[in-house]
Structures are given as C-alpha cells and as structure tokens.
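Residue-level listing of the chains:
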Amino acid sequence: METVLSGIRSTGHLHLGNYYGALRNFVKLQDEYKCFFFIADLHSLTTHPHPDDFHSSVKIILSEYLAAGLDPEKSALFVQSDIPEICELYVLLNMLAYKGELERTTSFKDKVRKQADNVNAGLLTYPVLMASDILIHRATKVPVGKDQEQHLEIARVLARRFNNLYGTEVFPEPHALSFGKDLIKVPGLDGSGKMGKSEGNGIYLNDDQQTITKKVMKAVTDAGPTKPNSEMPDSVKNLFTLLSIVSEPSTVEYFREKYNDCSIRYGDLKKQLAADICKQTLPIKERIDAIYNDDEYLRKAVRRGTEQARESAAATLALAKKAVGFKVF
Ligand code: ADP
Ligand code: TRP
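Residues numbered from 1 in each chain as written. Chains lettered and ligands numbered in written order. Predicted model: local features only at pLDDT ≥ 70, side-chain atom pairs only at ≥ 80, totals over all residues. Heavy atoms only, no water.

(A) Representation of the packing of helix α10 (residues 209-217) against helix α13 (residues 266-292) in the model. Orientation of α10 relative to α13, taken along the N-to-C sense of each, is 145°, at an axis distance of 9 Å. In this structure, α10 crosses over α13, and the sense of that crossing is right-handed. Packed against α10, whose contacting residues are Gln209, Ile212, Thr213, Val216 and Met217, the element α13 presents Gly267, Lys270, Lys271, Leu273, Ala274, Ile277, Cys278, Thr281 and Leu282 at the interface. Across the contact of α10 with α13, the residue classes tally to eight nonpolar, four polar and two charged. (Axes fitted to C-alpha atoms, helices over the stretch in contact; angles between N-to-C directions. Helix = DSSP H or I, 4+ residues; strand = E, 2+ residues; numbered from the N terminus. Left-handed = near helix turned anticlockwise from the far one by under 90°. Contact = heavy atoms within 4.5 Å. Nonpolar A, V, L, I, M, F, W, Y, C, P; charged D, E, K, R; others polar.)

If you want it as structure tokens, here you go:
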C-alpha cells in the first residue's frame, strides 16, 4: 500500500488555508492509505520562537489535528523532533543539495525579502529537511497546498540524486496529492494572494463567531459592478473563491447571478460567507478547546504514532546508510 505523509509547521493556530489546503485532506485520506501526519516543530525554528511558546505551539497544532478529525487509531500522528532519524537523513541529503538550486526556491526568495535580517542556513535548507521528512518514510503521496509544489520537486530531485549516486533504489519519488482538479489555494481577505499566518489575513480554526464575522465584514471589495457581466476585481474574486469552498454551489450561483446583473450587495454576500464559515469551523473550535486541555488524551494520541514513525524511519535510514557505505566496527 502506498504511504501518505504530510506535516504542518507549529506556528500559531491553523487557518482556513491550512485546513482546506491540507488538514481536511489528511482526514479524508486516513481511511484509504497508510498515513503519517506530523507537526513540523523543527521547521518552525527558522524564526526563533521563544522557548516558552515552543511546546504550546506544538500542542495547539496537535489539538487542531485531532479536533478536525485525525484519528490516532488510523494514522500515525507524531512530532517531527521525536524522530531523530529525520535529522540524520537531513545531513546526508544536505551533501546532495546545491546552494544555487536552494537559493532559487520561491519560498526562500520570499523569506529573504520578508525577513532580511534572519536569512539563516536552516531557511536555505528548509526544503532539504522537508525532503528528509518525506523520504525517511519512503512516502509517495504528499497532500499539501499549491505553495508546496516546488518543495516536492526538490524532494524528487534529491531522491533521484541519492539513488543515482549510490546505485540504489532506496527512495521512491514523492508527489503532491491533489483532490479534484487542482491543488487548492485559499485566498486572504485583504484582496491580496493566499491566506497565510505571516500575511496576517487569516481566519483561524479557533476563531469564535464574532471574530469570524468581524473579519469577513471587513474584507476588501470594490464599489460594485456597474456593467452586467463585468470582470471581477481580485478582491471580489477572492470572496467568491472562499464562498465556493465553504458554501453550497447554489449559494455561489445565487451571488454570481446577482453580481452579473449588478444587483449584488457585498454586505449580504459577506454575511452569508461568515455564516457558512462558522458552520464549518465552530464545531471544530469546540473540540479544540476540549482536547487542548486533555493532556492524557494528547499523550496517548501521539504514543503509537511516534513508535510507528520511529520504526519506519530507522528501517529507511539503515538502508540509506548502507548505500552510502557506513559500517559499524
Ligand atoms: P502558512 O502559509 O500559513 O505559514 P504553512 O506554510 O505552515 O502555512 O502551510 C501548512 C499547509 O497548509 C501546507 O500544506 C500548505 O500548502 C497549506 N496552506 C497554507 N496556506 C494555504 C492556502 N492559503 N491555501 C491552500 N493551502 C494552504
Ligand atoms: N513545509 C510545509 C509547510 O510549510 C510543512 C512540512 C514540513 C511538510 N515537512 C513536510 C509538508 C513534509 C509535507 C511533507 O507547510
């Protein structure tokens, strides 16, 4: 059976982009595949989180994973730093990753622009650590949002390079797993591109009804269409994209018609959007709050997953080290 694997960095709460781009798909996959889902706490170190916040960030994501429906009986749930084999493979793969190709990664260039005073080596080799996460379990299917496609390409390149250099077949090539037609991109509410933690434009799984409504009502729009069937500005397109993600198709159609005949009132659309987001996320929020305070349940939830992940990681690492030529005295 093919192995599915994915992770999300432990920085803050999960937003709708993380949920619809990644987490919701994890939940769907766990009935069909052998699944590994983890919390990428090592990846979050690139921005030097305060030690007082480090563990609670992991706990938040774990609670949100479970509240959204990940089942520790079906999937192996674990925390990245509990699997030291990942770091060992990271060292091996770093020898095969070239500075130029890492510098050309869109996410790296983006971070260089956004955090120019903290362009550390961990940021540059972020995709190598991610490749190690995936290849250590020889996973072939990786459910992620569209922004991670390039990282998966690097994981494939490293897998091929390792196999070719050492004349082995240890690593299969991993591919992004998409649902339906394309990888999904959830837009932000500020009229710009994607919803993201660092963009500060997110609706979070633990937001309450009032917060969600306030954020949606403040979303950027234009003055409204003046000619029938006119092209939508990006800000309005984004609202329709969000609507198509959380609402019934008939609701989207209703507002599209209103837009096309210029009778749309953005206030009505936003109210509907806020209500439909709440319908999806408030039940999850309720579960997050309960799970976050249940340390015993959290401990149990990762116990079996960590064991499974360590076993699988140790087996792959042994093969990789053998291929490189390591031998114990
Ligand atoms: P962020 O961009 O908020 O920092 P991460 O980079 O930690 O989030 O992403 C975690 C997962 O969520 C990845 O699989 C990523 O592809 C997905 N994801 C994040 N933002 C979006 C978005 N706006 N639309 C779709 N998927 C997203
Ligand atoms: N880089 C991913 C993100 O920012 C998180 C991640 C780390 C990941 N390692 C992974 C995703 C391995 C899939 C597989 O969202």
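That shown, we press on.
(B) Structural view of the pattern of salt bridges. Per the stated rule, a full pass over the model turns up 19 salt bridges. A salt bridge links Glu231 to Lys237; the shortest N-O distance between them is 3.6 Å. What makes Lys237 partly exposed here is its relative accessible area of 36%. Asp268 serves as the salt-bridge partner of Arg265, at 3.5 Å between the closest nitrogen and oxygen. Overlapping salt bridges bring together Glu153, Arg156, Arg160 and Glu173 as one network. (Salt bridge = Lys/Arg side-chain N within 4 Å of Asp/Glu carboxyl O. Buried < 20%, exposed > 50% of the residue type's maximum accessible area, 1.4 Å probe, protein only.)

(C) Structural detail: the site of ligand 1. Around ligand 1, the structure places 18 residues, and the nearest of them are Arg9, His15, Gly145, Asp147 and Val186. Between ligand 1 and the protein, one listed contact pairs a nitrogen atom with a backbone N or O atom of Met195 at 2.9 Å. Lys197 places a main-chain nitrogen or oxygen 2.8 Å from an oxygen atom of ligand 1. Summarising the interface, the protein chains cover 95% of the accessible area of ligand 1, which totals 530 Å² for the free molecule. Looking at the shell around ligand 1, the element that brings in the most residues is helix α1 (residues 16-29), giving four residues. (Near = heavy atom within 4 Å. Polar contact = N/O pair within 3.5 Å; in protein donor to acceptor, adjacent residues only side chain to side chain. Areas by Shrake-Rupley, 256 points an atom, 1.4 Å probe, with all protein chains shown as cover.)

(D) Representation of the environment of Gly21 in the model. With respect to the helices and strands, the residue Gly21 is situated in helix α1. Overall, the relative accessible area of 6% leaves Gly21 in the buried class. Considering only alpha carbons, one finds Gly21 and Lys185, 164 residues apart in sequence, at a separation of 6.6 Å. In this structure Gly21 touches Leu16, Val144, Gly145 and Ile184, once residues within four positions along its chain are discounted.

(E) Looking closely at the domain arrangement of the protein. Its domain assignment divides the protein into domain 1 (3-185 + 295-324) and domain 2 (209-289). Measuring from the centre of the C-alpha atoms in domain 1 to the corresponding centre in domain 2 gives 32 Å. Contacts between the two partners involve nine residues from domain 1, matched on the other side by nine residues from domain 2. When the two sides are added together, the surface that domain 1 and domain 2 hide from each other amounts to roughly 780 Å², 74% of it contributed by carbon and sulfur. Summed over the three residues of domain 1 that lose the most area to domain 2, namely Leu16, Tyr20 and Ala67, the buried surface amounts to 60% of that side. Along the contact surface separating domain 1 from domain 2 lie zero salt bridges. On the surface where domain 1 and domain 2 come into contact, there are two residue pairs in polar contact (both at pLDDT 80 or more). When residues of the side of domain 1 that touches domain 2 are traced back to their parent elements, those giving at least two are α1 and α3 (51-68). Classifying every residue of the side of domain 1 that touches domain 2 gives six nonpolar, one polar and two charged. (Domains from an automatic or database assignment. Buried area = accessible area lost by both parts, 1.4 Å probe.)

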